There are 2 protein chains.
Amino acid sequence: MLSIPRRHFLIAAAGTAGAAASSLTPLGSRPALAQESENGSGSLPEPFGSKIADSLIVHSELTLETERDAIGTSGITAKDILYVRNNLPTPSEEIVADPDAWEVQIEGVREPRSVTVGELKSMGVETVSTVLQCSGNGRGFFDHETSGSQWLTGAAGNLLWSGVPVRDVVEALGGLEDGRNFMTSTGGEDLPEGVDESQVVVERSIPVDHAMEHGILAWEMNGEPVPLIHGGPLRVVIPGYYGINNVKYVRRVAFTEEESDASIMRTSYRVRPVGVEGAPDQPSMWEMKVKSWITRPLADVESGRVLLYGVAFGGINALERVEVSTDGGENWQEARLLGPDLGRFAWQPFVLSAELEPGTYTVTSRATDSEGRVQEEVTEPNHRGYDYSGWRVLAVDVTVV
Amino acid sequence: MLSIPRRHFLIAAAGTAGAAASSLTPLGSRPALAQESENGSGSLPEPFGSKIADSLIVHSELTLETERDAIGTSGITAKDILYVRNNLPTPSEEIVADPDAWEVQIEGVREPRSVTVGELKSMGVETVSTVLQCSGNGRGFFDHETSGSQWLTGAAGNLLWSGVPVRDVVEALGGLEDGRNFMTSTGGEDLPEGVDESQVVVERSIPVDHAMEHGILAWEMNGEPVPLIHGGPLRVVIPGYYGINNVKYVRRVAFTEEESDASIMRTSYRVRPVGVEGAPDQPSMWEMKVKSWITRPLADVESGRVLLYGVAFGGINALERVEVSTDGGENWQEARLLGPDLGRFAWQPFVLSAELEPGTYTVTSRATDSEGRVQEEVTEPNHRGYDYSGWRVLAVDVTVV
């Protein structure tokens, strides 16, 4: 017998006025979220003018989520539908008027100094595809009460980034100073007056080895200069790590002995039991886990051949394979991966062709990474609702007529 | 001694007011083209509202070219900067309001009928990256007078497409009728009144074997529904073939014994000697050739390490490698390919890091495909100025200060 979590039914009932048994019930539907926003559907807050309203859920004036079924099968996520999560108000458009003039201070190297983006472009270049995912993506699937945006699946996308490898910058500036354990990046947002900077600044530290092996300072996203709203003119990109570590409008990159003292590093983005305060000895939101979810169909479909779509990624590791179940996890079939393999840190769309007779099917997916780690069935609660990846609650009910 | 073609100097002199020796002279520069358009820089004709003006050259109300240095290193070309070439006025936006409702008539199969995009989506799916390139890309580099847009390098881009393989559609409709040698696709444009349809209709035939092996009917481009201006709601995508065969707003796909009688197939897009009329026995603009070009720098650079960028593709074959010369083709060094390999029909950005002292360098690139075919040095003239790929004239002069 299939045991469906309490929340599955609760949200389904709220979202579809009790029609859970006869129509599709994506877990958590737009009505449950609408109260978060003052915007009606079809309009977006000012900074999001070029985004496509129909493909996005508005959580707040600074926060947009991609609709679950807006993710297609191309592999990359278009900027027009990419989620937005900003911890502070977006800087002025002026900073992207002349991207090459943007300056970033490099510290903790033997020859520390300020370098412009124009200069970075002569130091080296690499292109990498990465999943960009908010730490709280899936928060809305937890049973316990959490603060913060109640993201479902759509605080994630897959992008192509071009920029200079962190190691090339370090080499150009004489190499690392001794004893540097972390790369600490500071965002270029204007900070509110009269507030202790360490309380509000976006400043994140990550292990220096990962930064030196995989990190880049990116000026290009999906073939264009990085848009302001996504961190242009220069964004830190840390493949395999959660979005918060991909610091926007980066103005300082310091190789440090210790992690930053900023609140966003010291106590926020820490995984801990429900009810426990954040502290530096708890795991920070760095490496992402293996994960996948079904994207379509999210509406009734006709019987016969039904194509079940989704996206899958390995997190810190490469994706190995993904399986799909149409009976809530009793039986699994390997899905077909679609399109080019964009590399270890990218996601890949998948499809399973299923012959389905009329009825309701609980469809879900389960990815396995290159280290043999299988996507978890259930994600244990944590205080802030981070790191959700449980395949059971990520399921959708598909009604075949 | 380096022999520089006449046109190289002519255009350079026109574009830079005689300063050819002391500053960069991309071959054919914006001033030489401005007379084609009534639009000033910074504004685009109405249908191109979402495009980025700074990255585009306006050839006409229906024709936009990507600036040579707007192509980045991500591998894919963003829709905002992708070239546009339409043979007829763009249909109404209404046709993309409900993409799944769009109908296409399938003929030359055992069970011919009209199918909707919604239905196509249940027949199969594949994702492929392809170079989309106008047959006349590079026309402006020929010495002889040609009619049509004087494209330089920018009537080309690289996209990710998702749609149903042609073979899956054929299979769903009972298989091919006997003796079908071509796939003939008809565009959905409104045709002008009072004109013989065959004179104006966009209808292209391609060999059926290639269509069955590689062709798709695409509803998604770069992660979004195909935009109207690029052929949405449904576009034929023929990997490895010139753009004209990638029929937009396709309303009919017929498997035929003979090639279409439409002018655009019978006499247009035929390669023939200068002064000779088009005829069906001349080669049609089908397969693309191996090609590459330098994209940056296109302005003076400082001496020291200079990163030389470009894009390269194999055309009908996969790309094997690309070399770069900084002395007009006397010496060559293998360039480094950037980012994920997007597959046989995609282009890939490349970079060569060169240590350059002050001086002027003639920088060019030369690609080799998986069959060992090397990009040609010179493209022989043909009447319509198609199929340009000669690396000598594609060179740029880079001044290092």
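Basis of the calculations
- Residues numbered from 1 in each chain as written.
- Chains lettered and ligands numbered in written order.
- Predicted model: local features only at pLDDT ≥ 70, side-chain atom pairs only at ≥ 80, totals over all residues.
- Heavy atoms only, no water.
- Helix = DSSP H or I, 4+ residues; strand = E, 2+ residues; numbered from the N terminus.
- Buried < 20%, exposed > 50% of the residue type's maximum accessible area, 1.4 Å probe, protein only.
- pLDDT = per-residue confidence, 0-100.
- Contact = heavy atoms within 4.5 Å.
- Pairing = 2+ DSSP bridges.
- Axes fitted to C-alpha atoms, helices over the stretch in contact; angles between N-to-C directions.
- Phe/Tyr/Trp six-rings, centres within 6.5 Å; stacked < 30°, edge-to-face > 60°.
- Buried area = accessible area lost by both parts, 1.4 Å probe.
- Salt bridge = Lys/Arg side-chain N within 4 Å of Asp/Glu carboxyl O.
- Polar contact = N/O pair within 3.5 Å; in protein donor to acceptor, adjacent residues only side chain to side chain.
- Nonpolar A, V, L, I, M, F, W, Y, C, P; charged D, E, K, R; others polar.
- Least-squares fit on C-alpha atoms with pLDDT ≥ 70 in both.
- Core = buried A, V, L, I, M, F, W, Y, C linked by side-chain atoms within 4.5 Å.

Draft legend 1. Expanded view of the overall build of chain A. Counting secondary structure elements, chain A contains seven helices and 21 strands. The buried share among the 401 residues of chain A stands at 61%.

Draft legend 2. A look at the confidence of the model for chain A. Residue and element names in this part refer to chain A. On average, residues of chain A carry a pLDDT of 90, and 89% of them reach 70 or more. Note on residues 1-41: pLDDT under 50 across the span, and 68 contacts to partners over four residues away in sequence or across chains. For this predicted complex, the interface score ipTM comes out at 0.89, while the overall pTM is 0.90.

Draft legend 3. Layout of the sheet that holds strand β4 (residues 103-107) of chain B. All names here are of chain B. Spatial ordering of the open sheet is given by β5-β4-β13-β8-β9, a layout of five strands whose pairing is mixed. In this open sheet, the two edge strands, each paired with only one partner strand, are β5 (113-116) and β9 (203-207). Sheet twist, expressed as the average angle between the axes of neighbouring strands with direction ignored, equals 20°. Across three bridges, the pairing between β4 and strand β13 (residues 250-256) is parallel. Each residue of the ladder has a partner; that of Gln-105, found in β13, is Arg-252.

Draft legend 4. Quick peek at the packing of aromatic side chains. Residues and elements named next belong to chain A. Taken as a whole and assessed by the stated rule, the structure comprises 19 aromatic pairs over all chains. Judged by centre distance (6.0 Å) and plane angle (85°), the ring pair of Tyr-83 and Trp-151 falls under edge-to-face. Here Tyr-83 is found in the loop between β2 (63-66) and β3 (84-85), whereas its partner Trp-151 is found in the loop between β6 (126-133) and β7 (156-165), with 68 residues between them in sequence. Across the pair, Trp-151 and Tyr-83 agree in class, each one buried. Look at Phe-142 and Tyr-388: their rings are 4.9 Å apart centre to centre, the planes differ by 85°, and that puts the pair in the edge-to-face class. Residue Phe-142 is located in the loop between β6 and β7, and its partner Tyr-388 is located in the loop between β20 (359-369) and β21 (396-400); the two are separated by 246 residues in the primary sequence.

Draft legend 5. The arrangement of the interface of chain B and chain A in detail. Listed as interface residues are 35 residues of chain B and, on the opposing side, 35 residues of chain A. Interface area, chain B with chain A, both sides summed: about 2,800 Å², of which 47% is carbon and sulfur. One can count four salt bridges joining chain B with chain A. Linking chain B with chain A are 18 residue pairs in polar contact (both at pLDDT 80 or more). Those elements that provide at least two residues to the side of chain B that touches chain A are β6 (126-133), β7 (156-165), β10 (216-221) and β15 (304-313) of chain B. By residue number, the principal contributor to the side of chain B that touches chain A is β15(B), which donates three residues. Of the residues belonging to the side of chain B that touches chain A, the class tally is 15 nonpolar, ten polar and ten charged.

Draft legend 6. Layout of the side chain of A:Asp387. Residue and element names in this part refer to chain A. Here Asp-387 is to be found in the loop between β20 and β21. For Asp-387, a relative accessible area of 15% translates into the label buried. A polar contact is formed between the side chain of Asp-387 and the side chain of Tyr-242, at a distance of 2.3 Å.

Draft legend 7. Local environment of the pattern of salt bridges. Enumeration over the complete set of coordinates arrives at 32 salt bridges over all chains. Between A:Arg270 and A:Glu259 there is a salt bridge, with the nearest N and O atoms lying 2.7 Å from each other. Separated by eleven residues along the polypeptide, A:Arg270 in the loop between α7 (263-266) and β14 (291-296) and A:Glu259 in the loop between β13 (250-256) and α7 bring together distant segments of the chain. Residue A:Glu259 is classed as partly exposed on the basis of its relative accessible area, which comes to 23%. Salt-bridge contacts for A:Lys289 lead to A:Glu376; the nearest nitrogen and oxygen are separated by 2.8 Å. A residue pair is termed long-range when its members are at least 10 positions apart, and A:Lys289 in the loop between α7 and β14 and A:Glu376 in the loop between β20 and β21 qualify at 87 residues. Given the relative accessible area of 25%, A:Glu376 is considered partly exposed. Taken together, the shared-partner salt bridges connect A:Lys79, A:Glu224 and B:Asp80 into one network.

Draft legend 8. Quick look at the relation of the copies chain B and chain A. When chain B is fitted onto chain A, the two copies agree to an RMSD of 0.0 Å after a turn of 180° and an axial shift of 0.0 Å. Given the turn and translation reported, the copies of this chain are related as if by a two-fold rotation axis. A high fraction, 100%, of the interface residues of chain B reappear at the interface in chain A, so the copies pair face to face through one surface.

Draft legend 9. The arrangement of the sheet that holds strand β17 (residues 333-334) of chain B in detail. Residue and element names in this part refer to chain B. Strand order in the open sheet formed by four strands is β17-β16-β20-β21, with antiparallel pairing between adjacent strands. In the strand order of this sheet, the two ends are held by β17 and β21 (396-400), each with one partner. Judged from the six bridges that link them, strand β16 (residues 319-325) and strand β20 (residues 359-369) form a sheet pairing that is antiparallel. Bridge assignment links Arg-321 to a residue of β20, and that residue is Thr-368.

Draft legend 10. Layout of the environment of B:Asp143. All names here are of chain B. Residue placement: Asp-143 occurs in the loop between β6 and β7. With a relative accessible area of 39%, Asp-143 lands in the partly exposed category. Taking the C-alpha atoms as reference points, Asp-143 and Gly-385, separated by 242 residues in sequence, lie 9.4 Å from one another.

Draft legend 11. How the structure looks around the environment of A:Leu56. The residue A:Leu56 is located in strand β1 (residues 56-60) in this model. For A:Leu56 and A:Arg68, which are twelve residues apart along the polypeptide, the C-alpha to C-alpha distance reads 8.9 Å.

Draft legend 12. Molecular detail of the nonpolar core. Residues A:Ile106, A:Leu120, A:Met183, A:Leu217, A:Leu234 and A:Phe255 are the most contacted members of the largest nonpolar core, which totals 41 residues. Of all the secondary-structure elements, those providing two or more residues to this core are β4 (103-107), α3 (117-120), α4 (166-172), β8 (182-187), α6 (208-214), β10 (216-221) and β13 of chain A together with β15 of chain B. Listed in part, the 40 residues of the second largest apolar core include B:Met123, B:Ile206, B:Leu217 and B:Trp219.

Draft legend 13. Up close: the pairing of strand β1 (residues 56-60) of chain B. Residues and elements named next belong to chain B. Counting buried positions along β1 yields four of five residues, so the element is predominantly enclosed. Pairing analysis gives four bridges linking β1 to strand β2 (residues 63-66), with the strands arranged antiparallel. What sits directly across from Leu-56, in β2, is Thr-66. Where β1 folds back on β2, the antiparallel hairpin that results is connected by two residues.

Draft legend 14. Structural context of the environment of A:Ile244. All names here are of chain A. Summarising the element assignment, Ile-244 is placed in the loop between β12 (235-237) and β13. Classification of Ile-244 by relative accessible area gives buried; the value is 10%. Linking Ile-244 and Met-285, residues 41 residues apart in sequence, is a C-alpha distance of 7.9 Å. Sequence-distant contacts of Ile-244, that is, excluding residues within four places in its chain, are made with Asn-87, Ser-135, Arg-204, Ile-264, Tyr-269 and Met-285.

Draft legend 15. Looking closely at unusual backbone geometry. In this chain, A:Arg296 is followed by A:Pro297 through a cis amide linkage whose omega measures 0°. Note that the residue after B:Gly232, namely B:Pro233, is joined by a cis bond; omega there is 10°. When you line up the elements, B:Pro233 lands in the loop between β11 (224-225) and β12 (235-237). Of note in this structure, B:Tyr249 is not a glycine but carries a positive phi near 40°. Within the secondary structure, B:Tyr249 is located in the loop between β12 and β13. Its relative accessible area of 0% is what places B:Tyr249 among the buried residues.

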